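Okay, here's what each chain looks like letter by letter:
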Amino acid sequence: MWTYIVGGRRFWRRLGWVLLAACLLLCLLPPLRASWQYLLVGGARRIHPIYRVDTAERKVSLSFDACWGAERTPEILAVLRRHGVRTTFFLVNLWLEKYPEQARQIASEGHEIGLHSATHPRFTRLTDEQIVRELRENARLIREITGYQPRLFRPPFGDYDDRVIILVNQEGFIPVQWSIDSLDWKGLSAQAMLERIKKRMAPGSIILFHNNGEHTPETLDPLISHLKDAGYRIVPVSELIYHDHYYIDLEGVQRRAAE
C-alpha cells in the first residue's frame, strides 16, 4: 500500500507543490526581512535599530550626542576640521534652543545632523502621540535652525522597544544606536577611551561620543590618526549604512539581503 502511494501520481504531485512553495518562500524571505527589518525570535517579533554595519570596507562612523553643555564643541569641531573628517551629531531641542550658533556651525562644516528628541525622555514610557510629537518637533527645530533635513534618529538613553521603532520608521526616520561606547560620559581619560575603542574597532563600527565629554577632544586627535593609519575611512552614519535591500540581525548588525 505504502509503495503504491509513494509511487503514485498523487504523492509526486503533492511533493512538487511542497517544493515549489519552499522555493517561493526562499525567494521572498530576504525582501521581507529587508522591508520590515524584523526577525522571529521565540515566536515574537523583535525589531532592532542599526548598531553596526556588516561591510568588507574599512570604514566607520564617529557620532556625537548633544544634550548638555557646549564649551568643548568648538574644540571637537576644530579637530574634525583639521583631519578633514565628517561625522554625525544627534541634537536635542533643549540643546538646540540654547546653542543655535553652534548647531549652525556643525551643519555649515558638513557634518550630518540626526534627531535625538525634543526633551530627551525615555521613549518607552511615552504614548504613541508623545513619541510622534517628540520626533516631529525635533525635526522641525533642526530644519529651522540649521536648514538640515534629518534622516536618522537615536533614542535618548538608548531606550527603545518594538513600538518605538515602528513609530520611528512610520515617521520616515532610521533608528541608529552604536556598537562602541567611548564612555566619555563617565569621565574616562583620553588614553582609557582610546584603548577601549581600539580593542573593539571593526569595519562598520559606529562609535558613540558626546559633544561635551570632558576628555573627548583630546581623544579624537590620536583616534582619528590611528584609524587613518589602519586604513579606515571615517564617514557620517548615513554614508555607512545601507538604504535598501538589507535586514538587521539579532545583534543589531545591518546586513545586505540576498538579491
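Model, not experiment: these values are computed from the prediction.

Draft legend 1. A look at the overall build of the protein. Scanning the protein for helices and strands turns up 10 helices and 13 strands. The proportion of buried residues among the 259 residues of the protein is 48%. Within the protein, residue pairs in contact and separated by at least 24 positions form 75% of the contacts whose partners lie at least 6 positions apart. Within the structure as shown, the protein displays about 13,200 Å² of accessible surface, and the carbon and sulfur contribution to it stands at 54%.

Draft legend 2. Helix α3 (residues 73-83), seen in detail. Taken residue by residue, α3 has T73, I76, L77, V79, L80 and H83 as its buried positions. Axial view of α3: buried residues confined to an arc of 160°, hence all on one face. Next to the buried residues of α3 lie β4 (59-66), β5 (88-91), α4 (93-98), α5 (100-108), β10 (206-210) and α9 (216-229). In the stretch just after α3, G84 is the one whose phi turns positive, near 65°.

Draft legend 3. Structural view of the sheet that holds strand β13 (residues 253-256). In spatial order, the strands read β3-β13-β12; together these three strands make up an open sheet with mixed pairing. Two strands lie at the open edges of the sheet, namely β3 (52-53) and β12 (246-248), each paired on one side alone. Note that β12 and β13 share three bridges and pair antiparallel. What sits directly across from I248, in β13, is Q254.

Draft legend 4. Representation of the confidence of the model for the protein within the structure. With 82% of its residues at a pLDDT of 70 or more, the protein has an overall mean of 88. Low pLDDT, under 50, characterises residues 1-6; the predicted model gives this stretch three contacts beyond four residues in sequence or across chains.

Draft legend 5. Quick peek at unusual backbone geometry. In this structure, H120 takes a positive phi of about 60° despite not being glycine. Residue placement: H120 occurs in the loop between β6 (112-115) and α6 (128-146). Phi is positive for H245, which is not a glycine, with a value near 50°. Position of H245 relative to the elements: it lies in the loop between α10 (237-240) and β12. Looking at H245, the relative accessible area reads 44%, which means it is partly exposed.

Draft legend 6. Structural detail: the pairing of β13. In this structure, β3 lies alongside β13, joined through two bridges in parallel fashion. Considered in β13, the bridge of R52 is made with V253. A loop of four residues connects β12 with β13, the two strands running antiparallel in sequence, and G252 in this loop sits at a positive phi of about 80°.

Draft legend 7. Highlighting the packing of α3 against α5. Packing of α3 against α5 leaves a shortest axis separation of 11 Å and a crossing angle of 10°. Here α5 runs roughly parallel to α3, going by the angle between their axes. Contacts between α3 and α5 involve T73, P74, L77 and R81 from the first element and Q102, Q105 and I106 from the second. In the contact of α3 with α5, the residues fall into three nonpolar, three polar and one charged.

Draft legend 8. Main features of α6. An ideal rise of 1.5 Å per residue puts 27 Å on 19 residues; α6 measures up with 27 Å between its terminal C-alpha atoms. Among the residues of α6, those classed as buried are I131, V132, E134, L135, N138, A139, L141, I142, I145 and T146. Elements that come into contact with the buried residues of α6 comprise β5, α4, α5, β6, β7 (152-153) and α7 (162-170). Backbone geometry just downstream of α6 places G147 in the positive-phi region, at approximately 80°.

What counts, and at which threshold
- Residues numbered from 1 in each chain as written.
- Predicted model: local features only at pLDDT ≥ 70, side-chain atom pairs only at ≥ 80, totals over all residues.
- Heavy atoms only, no water.
- Helix = DSSP H or I, 4+ residues; strand = E, 2+ residues; numbered from the N terminus.
- Buried < 20%, exposed > 50% of the residue type's maximum accessible area, 1.4 Å probe, protein only.
- Contact = heavy atoms within 4.5 Å.
- Areas by Shrake-Rupley, 256 points an atom, 1.4 Å probe, with all protein chains shown as cover.
- Arc of directions from axis to C-beta.
- Pairing = 2+ DSSP bridges.
- pLDDT = per-residue confidence, 0-100.
- Axes fitted to C-alpha atoms, helices over the stretch in contact; angles between N-to-C directions.
- Parallel < 35°, antiparallel > 145°, perpendicular 65-115°, else oblique.
- Nonpolar A, V, L, I, M, F, W, Y, C, P; charged D, E, K, R; others polar.
- Expected span 1.5 Å × (residues − 1).

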